[in-house]
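Coordinate inspection notes
Chain by chain, the residues:
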Amino acid sequence: MTFSNTFFTKNQVQSNPTLIFPIITSRIYCLLNQLLKMKNRIIIPLGLSLIAVLGLSECQPAAKTELPELKPSEAINGFPTLEEYGKHLTLVSGCHDCHTPKKMGPNGPELDFELQLSGHPAALPLPEIDRAELEQKGVAATQTLTAWIGPWGITYAANLTPDDETGTGSWTEEQFSIALREGRYKGIKTARQLLPPMPWDMYSHMTDLETKAIFAYLKSIKPIDNLVPNAMPPSHAVN
Ligand code: HEC
């Protein structure tokens, strides 16, 4: 009866009262050690040292669970590489909708993948509108859907390609995560909040793995030199 023997052995170990001893002693050790520290004493009695050996592990702070170091070449969540997973997330989270310029195709505006994720084209002018009136009445956008005029002023979708000067080429993974999940300009904690329509508050729910994957994908795409203009405050704030 191998099966019942195995079961019985396991069960015995789980309910073995002698195992409670080291647990209790380690708790006592922790308590005494704290008291000793508070009183600034240096000599720990020999008996306590013995208990310390038994219970030291109990006093360690809980290990922080961190993501394993991911290599871009490793398969992840059913995708062959981290970049492929990032490509998928970039598509389904709608990043292209605002960060990739559009061009006219047979069925209307379509994404211009030659310029993918390069943000608002620097040379493209804004629509000629009465900003003061519009800011009170609604929102306007360029035909590329990359620049937006609304009550918050004017915002231009950023260049997310890995260009060193005008894109995210010099960004760290941490900066990217702060920009995306905390909505901070250039991923600097003390910088201004990102403005509409960048939906960073939705992206604040992304996991570490998801932001890592998107960043890995952005690193892998073609760098495009495109200096996107700075955001502008609402017209009533400047007039
Ligand atoms: C609805 C439009 C929209 C969508 C969708 C969108 N963005 Fe943005 N994004 C913007 C705009 C506009 C800005 C500029 C905001 C500003 O200047 O305050 C911006 C800014 C950013 C910035 C900050 C750049 C900087 O220089 O600080 C990052 C990073 C970014 N977006 C990444 C993404 C990613 C990644 C996705 C998809 C997961 C995404 N965005 C989806 C419109 C959008």
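Residues numbered from 1 in each chain as written. Predicted model: local features only at pLDDT ≥ 70, side-chain atom pairs only at ≥ 80, totals over all residues.

Regarding helix α7 (residues 173-182)
Among the residues making up α7, those that are buried are F176, S177, I178, A179, L180 and R181. The secondary structure elements touched by the buried residues of α7 are α8 (200-203) and α9 (208-220). (Buried ≥ 20, exposed ≤ 12 C-beta atoms within 10 Å, placed from the backbone. Helix = DSSP H or I, 4+ residues; strand = E, 2+ residues; numbered from the N terminus. Contact = placed C-beta atoms within 7 Å.)

What to know about α9
An ideal rise of 1.5 Å per residue puts 18 Å on 13 residues; α9 measures up with 19 Å between its terminal C-alpha atoms. Looking at the buried positions of α9, the neighbouring elements they touch are α4 (82-92) and α7. (Expected span 1.5 Å × (residues − 1).)

With respect to the nonpolar core
Ranked by size, the top nonpolar core spans 25 residues in total, and within it F176, A213, I214, F215, A216, Y217 and L218 carry the most contacts. Within the residue set of this core, elements represented by two or more residues are α4, α5 (95-99), β4 (147-150), β5 (153-156), α7 and α9. Once residues within four sequence positions are removed from consideration, F176 is found in contact with T168, W171, G187, T211 and F215. (Core = buried A, V, L, I, M, F, W, Y, C linked by C-beta atoms within 7 Å.)

Focus on unusual backbone geometry
The peptide bond linking P196 to P197 adopts the cis configuration, its omega dihedral lying at 0°. Looking at the element boundaries, P197 is found in the loop between α7 and α8. Within the chain, N77 stands out as a residue other than glycine whose phi angle is a positive 45°. Within the secondary structure layout, N77 lies in the loop between α3 (46-59) and α4. Residues other than glycine seldom take positive phi values, yet L145 does so here, at roughly 55°. Inspection of the secondary structure assignment puts L145 in the loop between β3 (140-141) and β4.

Quick word on the site of the ligand
Neighbouring the ligand are 23 residues; C95, C98, A158, L195 and M198 lie closest to it. Those elements that place two or more of their residues in the shell around the ligand are α5 and α7. Here the element with the most residues in the shell around the ligand is α5; it accounts for 4 residues. Split by residue class, the shell around the ligand holds 17 nonpolar, 4 polar and 2 charged. (Near = placed C-beta within 6 Å. Nonpolar A, V, L, I, M, F, W, Y, C, P; charged D, E, K, R; others polar.)

Points about the confidence of the model for the protein
Detailed reading of predicted coordinates is not advised where the pLDDT is low. Here the protein averages 80 in pLDDT, and 69% of its residues register 70 or above. Within the model, the stretch residues 1-33 combines pLDDT values under 50 with 19 contacts to residues more than four positions away or in other chains. Ignoring residues within four places in sequence, the model shows residues 38-62, a span with pLDDT below 50, making 22 contacts including any to other chains. (pLDDT = per-residue confidence, 0-100.)

A short note on the sheet that holds β3
Reading across the sheet, the 3 strands line up as β3-β4-β5 and stay open at both edges, with antiparallel pairing between neighbours. Among the strands making up the open sheet, the edge pair consists of β3 and β5. (Pairing = 2+ DSSP bridges.)

Side note on the environment of C98
Secondary-structure assignment places C98 in helix α5. The spacing of C98 and Y156 is 58 residues in sequence and 8.9 Å in space, taken between C-alpha atoms. In contact with C98, not counting residues within four places along its chain, are L145, T146, A157 and P197.

Section: the packing of α4 against α9
The N-to-C vectors of α4 and α9 enclose an angle of 100°; their axes lie 7 Å apart at closest approach. In terms of orientation, α4 lies roughly perpendicular with respect to α9. In this structure, α4 uses L82, E83, Y85, G86, K87, L89 and T90 to contact α9, whose residues at the interface are E210, K212, A213, I214, A216, Y217 and S220. Of the residues that constitute the contact of α4 with α9, the class distribution is 7 nonpolar, 3 polar and 4 charged. (Axes fitted to C-alpha atoms, helices over the stretch in contact; angles between N-to-C directions. Parallel < 35°, antiparallel > 145°, perpendicular 65-115°, else oblique.)

Some remarks on the environment of A122
If you trace the backbone, A122 turns up in the loop between β2 (108-111) and α6 (131-137). Residue classification places A122 among the partly exposed positions, given that 14 C-beta atoms sit within 10 Å. Between the C-alpha atoms of A122 and P229, which are 107 residues apart in sequence, the distance is 6.6 Å. In contact with A122, not counting residues within four places along its chain, are N226, L227, V228 and P229.

Some words on the pairing of β2
Direction of pairing for strand β1 (residues 102-105) relative to β2: antiparallel, over a ladder of 4 bridges. Each residue of the ladder has a partner; that of M104, found in β2, is P109. Remark: 2 residues form the turn of the hairpin made by β1 and β2, two consecutive strands paired antiparallel.

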